[in-house]
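Reading the structure
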Amino acid sequence: TLEVSMIHERALEIARAVGDKPFNLVDIWCGDGLKAVEVIKALNSVTKRPVSIQYCPINASQYLIDLALGNMKKANLPNVISYKPFLSSCDGRVICEIDKKLRTPEFSKNVSLLLGGVIACYEINSYLFEFSRDFKKGDVLIMGNGVRIGERLVEIDKYKSEGFHNWLKYLMFGLGFSEEDLEFDARFGNSRIELLYRIKNPVSKKIGGRVIEFKIGDEFVIGALYKYYAEEFEKFCSMYFSNSNVLTNNEGGYALVVCVK
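Every value quoted in this text rests on a predicted model; they were computed, and no experiment measured them.

Things to note about the packing of aromatic side chains
Counted according to the given criterion, the structure contains 15 aromatic pairs. Note on Y122 and Y127: the rings are 4.4 Å apart at their centroids and 50° apart in plane angle, and the pair reads as tilted. You can call Y127 buried: its relative accessible area is 3%. With centroids separated by 5.2 Å and ring planes inclined at 55°, the aromatic side chains of F184 and Y197 adopt a geometry described as tilted. On the criterion of sequence distance, the pair formed by F184 in strand β7 (residues 182–189) and Y197 in strand β8 (residues 192–199) is long-range, its members being 13 residues apart. The exposure classification of F184 matches that of Y197, with both residues buried. Taken together, the ring pairs connect Y122, Y127, F131, F135 and F241 into an aromatic cluster. For the cation-ring pair, K73 lies above Y83, with the distance from its terminal atom to the ring centre recorded as 5.0 Å.

Observations regarding the environment of W167
Position of W167 among the secondary structure elements: in helix α7 (residues 162–174). Considering only alpha carbons, one finds W167 and R49, 118 residues apart in sequence, at a separation of 43 Å.

Details of the layout of surface pockets
Considered as a void within the structure, the largest pocket measures approximately 260 Å³ in volume. Around the largest pocket, the lining residues are W29, G31, N59, L64, V118, C121, Y122 and W167. Of the residues belonging to the lining of the largest pocket, the class tally is six nonpolar, two polar and no charged.

Side note on the pairing of strand β9 (residues 203–207)
Relative to strand β10 (residues 210–214), β9 is paired through five bridges, and the arrangement is antiparallel. Note that in β10 the partner of I207 across the bridge is R210. Once β9 ends, the chain turns through two residues before running back antiparallel as β10, passing G208 with a positive phi of about 60°.

Definitions and cut-offs
Residues numbered from 1 in each chain as written. Predicted model: local features only at pLDDT ≥ 70, side-chain atom pairs only at ≥ 80, totals over all residues. Heavy atoms only, no water. Phe/Tyr/Trp six-rings, centres within 6.5 Å; stacked < 30°, edge-to-face > 60°. Buried < 20%, exposed > 50% of the residue type's maximum accessible area, 1.4 Å probe, protein only. Helix = DSSP H or I, 4+ residues; strand = E, 2+ residues; numbered from the N terminus. Lys NZ or Arg CZ within 6 Å of the ring centre and 35° of its normal. 1 Å grid on protein atoms, 1.4 Å probe; cavity = no way out; pocket = protein on both sides within 12 Å on 5 of 7 lines; lining within 4 Å. Points joined across faces, edges and corners; volume = space filled by probe spheres on them. Nonpolar A, V, L, I, M, F, W, Y, C, P; charged D, E, K, R; others polar. Pairing = 2+ DSSP bridges.

Limitation: the analysis is restricted to geometry and does not speak to function.
And the structure:
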């Protein structure tokens, strides 16, 4: 993928930020763990003596945590010497929840991964403020996200695609709605892209022990995406970290953002 290619292309710059001390690799919303594997491979490729790493996958899904652990172990990276997974919602206070369990005399430093455009799903100021509060001096955050080029808030039609609908509709199904009850849409609002469902048919649902009447036209904003210019990323990160480096690809549409507390 583009992100993995950039990780290897920018390995030396990432390694300089990470330094030469053992660390916890905190893989937030870890997915299958394969991107964390590539981060370690990239660091090892530019380091004369690879440092010891404790791999710490974090996710709200135990299945994905187990998958990430399995893939990391299959990679057989000799400097990954221990594992410490956490089941967590991964919101901005995730480090607060686990910090005391993470840091040990052997692994006193954290390098956190927030890859795959995860930061686009959050209001960046709020997330980074909460997230960075429990970082210690020298801790590192590596984010991967699309960056805006050209005009802001354009091409809304691409967010109305069946792909987004087929991804998000199961959240509505979990609330008891059927596909016939729903109309998927996307719009620009509050300086972001909002993904939403409108109710097409009057329906009563019991949610949280209460019966709620939904009318035609009622809306559920079920997802939001934020996209920033590269200079905006730099500005936001500089508010919470002593050093930040926005590394863009040749086309300028994607960035690895490497921040040091």
